[in-house]
Each structure stands twice: as structure tokens, then as C-alpha cells.
Amino acid sequence: MYTIKRKTIIETIKDLFIDSAYNLDEKLVSSLKKAKQSETNNLGKNILDRIIDNQEIARNDDIPLCQDTGVSVVFLEIGRELIFDYDLEEAINVGVRRGYIDGFLRKSIVKHPLNRINTLDNTPAIVHFNFIPGNKLIIHVAPKGGGSENMSRLKMLSPSEGEAGVIDFVLDTVKKAGGKACPPLIVGVGIGGNFEKSALLAKQAIFRSIDDNAKNEVDQKLEKLLLEKINKLNVGPMGLGGTTTALAVKVNSFPCHIASLPVAVNLQCHSARKKEVTLIGKKINNTN
Ligand code: SF4
């Protein structure tokens, strides 16, 4: 069996959140630059320029890309040969606390949705656990902004509404969000499963690489079609018009009940911060 020290988890999580808040993924930057070339609206082009400048300043000066440094979302892929003699979720929260304090990131979490008292360290993180073969721990993190999250939606469609119903719902969600979700967007779409599974699929979709393809042909086709239709909505960069409303659409699907067609849309703003790292477990004997 293998393990990873608590200290390593804490330091890794801290570094990942600081890094993601300051440094936008290079592939996303390339996509923004490409979008600037193809944007037909002058105001839209100008806004894309400002977004590109902003990420350069954040990178060079070690400051957050946006004042909203989000909810700390963590997806873990845990190798089945790993064992932890400590509370992994607690260690993650210590890492988040250190990252948000040491990195001067805004603390955006309140203790209770109704009493609104800030926890002052951005904890608790939202942690998802999955298991994989082997002795690796793959950690994905994203500080998820509140603006785009607030405009995300879920609907239980009737199966007879089919693909057309899904398309209508996604387009309606992006249109209603307008500038409030800070486009250009990455649109995560989860289809199938049940109520909570569809939301999780949509969230996992925005964690995918901007240049990857969906796992099956149906989803791949839908991604292309939706991207084309979304960019004809004239929402544009920051909602002020233009042909760049979304940089990518990511569709994740899952089997579902014969009577259901759940669809969830998780909107990710242009400040699409996410990072991942793979840690390799050490043989238990070596760690003692
Ligand atoms: S939605 Fe994104 S870009 Fe807009 S304020 Fe929130 S984190 Fe910042």
C-alpha cells in the first residue's frame, strides 16, 4: 500500500489555489486570442483585449485575475492502493485556508446561507471523491466565481422534448445570463443521470480541457451545434454584443431513467481558473 503525507496535501492545495487565481490556463489564453481575431464587433474585440491584458497583469504581478476568487471546488481521483491515516477532507480545507490567506485571495464563503457570516478563510471547500486504479492521487481544483454560478440552471425535461428541448434550454440559459455570467463562457452541459447527477456532470464538464472532445459522437455533435448557436445569440464579450459568447461547450452525458431527461447547465466565466496535479504515493514502509 501507498500513502501521501498530510503536509504534502496541504502545501499542494495551497499552491494550486494561488496558482489558479493568478495564472490563467495557457490554452484558454490562446483561445481568447483566437476569439479576438474572429470577433466581428469592435466593442467585443476591445473587451477581449482588456481580458487578455488583465490576465497578463495578474500573471506578471502575482495578483488575482478577478476580485471574486470563488468557491473552492476540488475533484479528487484517488488511487485504490492509497491509504490515508488522517482526514483527507480536513487537510484539503487547511490547504484552502492557507492558500486564501497567504495568496491574499478574497474570502467569499459564509457560514450559513441565511445568516451570511463570513468564515474568513474561504472554507469549507466543496470536495468530490472518485476512485481510480493504482497509487496516484490526481487533484483538480477550481475557484468557481459566483456570477457565472448564479446564472447556471437545471431542468427536468420530459424525454419527448429530446435534443431540441436540451438545445432550447441551454440557449435560453445563456441568453438569460447575458453579461451577468461574464462571457465569453465555457458552457458545461450535463445530460442524464438524475437531478443531482446532471449537475455534477455539468460541473465536471467545465473541468475538461478547452481543446478536448466529448467521449461519444452524440455529445461531440451537440457540442459543435451548441457552440455555433450560442455564438449567434449576440450576447458577446461581457454581454455587450458580438460573436464571442462562448469559447467552448462541453457536454457530459450519463444513462438515465426511461421517464426522465435531466439537463444542467453550469456556466463558467472567462476567468476560467482551474489547475490539476498528480501526486504519486510512497510505499508505506518508506514513510515511517
Ligand atoms: S463571474 Fe467570473 S469574471 Fe465575473 S466576477 Fe465572478 S469570477 Fe469574476
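See above for the structure.
Rules behind the numbers
Residues numbered from 1 in each chain as written. Predicted model: local features only at pLDDT ≥ 70, side-chain atom pairs only at ≥ 80, totals over all residues. Heavy atoms only, no water. Helix = DSSP H or I, 4+ residues; strand = E, 2+ residues; numbered from the N terminus. Rg over C-alpha atoms; globule rule 2.2 N^0.38 Å. Buried < 20%, exposed > 50% of the residue type's maximum accessible area, 1.4 Å probe, protein only. Salt bridge = Lys/Arg side-chain N within 4 Å of Asp/Glu carboxyl O. Phe/Tyr/Trp six-rings, centres within 6.5 Å; stacked < 30°, edge-to-face > 60°. Lys NZ or Arg CZ within 6 Å of the ring centre and 35° of its normal. Pairing = 2+ DSSP bridges. Axes fitted to C-alpha atoms, helices over the stretch in contact; angles between N-to-C directions. Contact = heavy atoms within 4.5 Å.

Novice: Explain the overall build of the protein chain here, please?
Specialist: Assigned secondary structure in the protein chain consists of nine helices and 10 strands. A compact globule built from 288 residues would reach a C-alpha radius of gyration of about 19 Å, and the protein chain, at 20 Å, matches this within 12%. With the C-alpha coordinates of the protein chain rotated into their principal frame, the extents come out at 60 × 50 × 40 Å. Looking at the 288 residues of the protein chain, the share that counts as buried comes to 50%.

Novice: Honestly, the pattern of salt bridges in this entry has me stumped. Any pointers?
Specialist: Where charged atoms from two side chains of opposite charge approach closely, those side chains can pair. Throughout the structure, instances matching the rule amount to 18 salt bridges. Residue Asp-211 pairs with Lys-27 through a salt bridge whose shortest N-O separation is 3.4 Å. Placement of Asp-211 in the loop between α7 (195-206) and α8 (217-230) and of Lys-27 in helix α2 (residues 26-38) is noted, with a sequence separation of 184 residues between them. The structure contains a network of salt bridges with shared partners spanning Arg-208, Asp-212, Glu-223 and Lys-250.

Novice: Is there a simple way to explain the packing of aromatic side chains in this structure?
Specialist: We describe a pair of aromatic rings using the distance from one ring centre to the other and the angle between the two ring planes. In this structure the tally under the stated criterion is three aromatic pairs. Relative to Tyr-100, the ring of Phe-17 lies with its centre 5.9 Å away and its plane at 50°, an arrangement referred to as tilted. With Phe-17 in helix α1 (residues 6-22) and Tyr-100 in helix α4 (residues 88-102), the pair connects residues that are 83 residues apart, well separated along the chain. There is no split in this pair, since Phe-17 and Tyr-100 are both buried. Between the aromatic rings of Phe-84 and Tyr-86, the centroid separation amounts to 5.7 Å while the plane-to-plane angle is 80°, which identifies the pairing as edge-to-face. In this structure Phe-84 comes out as partly exposed when scored by relative accessible area, which is 22%. Classification of Tyr-86 as buried rests on a relative accessible area of 17%. Here the basic side chain of Lys-197 rests over the ring of Phe-254, its NZ or CZ set 4.3 Å away from the ring centre.

Novice: Explain the sheet that holds strand β5 (residues 153-157) to me, please; I cannot follow it from the model alone.
Specialist: Strand pairing in a sheet takes place through backbone hydrogen bonds and is either antiparallel or parallel in direction. Spatially, the four strands line up as an open sheet ordered β5-β8-β6-β7, and their pairing is mixed. Only two strands of the sheet have a single neighbouring strand rather than two, namely β5 and β7 (246-256). Across the sheet, the mean angle from the axis of one strand to that of its neighbour is 15°, orientation sign disregarded. Pairing analysis gives five bridges linking β5 to strand β8 (residues 261-268), with the strands arranged antiparallel. Pairing of Arg-153 across the sheet is with Val-265, part of β8. Of the strands in this sheet, β5, β6 (185-193) and β8 are in contact with helix α6 (residues 162-177), which crosses β8 at around 30°. On top of the sheet, α7 reaches β5, β6, β7 and β8; it is set at about 145° to β6, its chief contact.

Novice: How do you make sense of the sheet that holds strand β4 (residues 136-144) when you look at a structure like this?
Specialist: The four strands are arranged β3-β2-β4-β9 in an open sheet whose pairing can be described as mixed. The sheet terminates laterally at β3 (126-132) and β9 (275-280), the two strands that pair on one side only. Taken over all neighbouring pairs, the strand axes of this sheet differ in orientation by 15° on average, direction set aside. Where strand β2 (residues 71-79) and β4 come together, eight bridges link them in antiparallel fashion. Following the sheet pairing, Leu-76 is matched in β4 by Ile-139.

Novice: Explanation requested: the environment of Val-235 in the structure shown.
Specialist: Assignment of secondary structure puts Val-235 in the loop between α8 and β7. Exposure remark for Val-235: the relative accessible area of 8% places this residue in the buried category. Linking Val-235 and Asp-19, residues 216 residues apart in sequence, is a C-alpha distance of 30 Å.

Novice: I keep staring at the pairing of β4 and nothing clicks. Help me out?
Specialist: Burial analysis of β4 places eight of its nine residues in the buried class, the great majority of the element. By the bridge criterion, six bridges tie β4 to β9 in an arrangement that is antiparallel. Each residue of the ladder has a partner; that of Lys-136, found in β9, is Ile-280.

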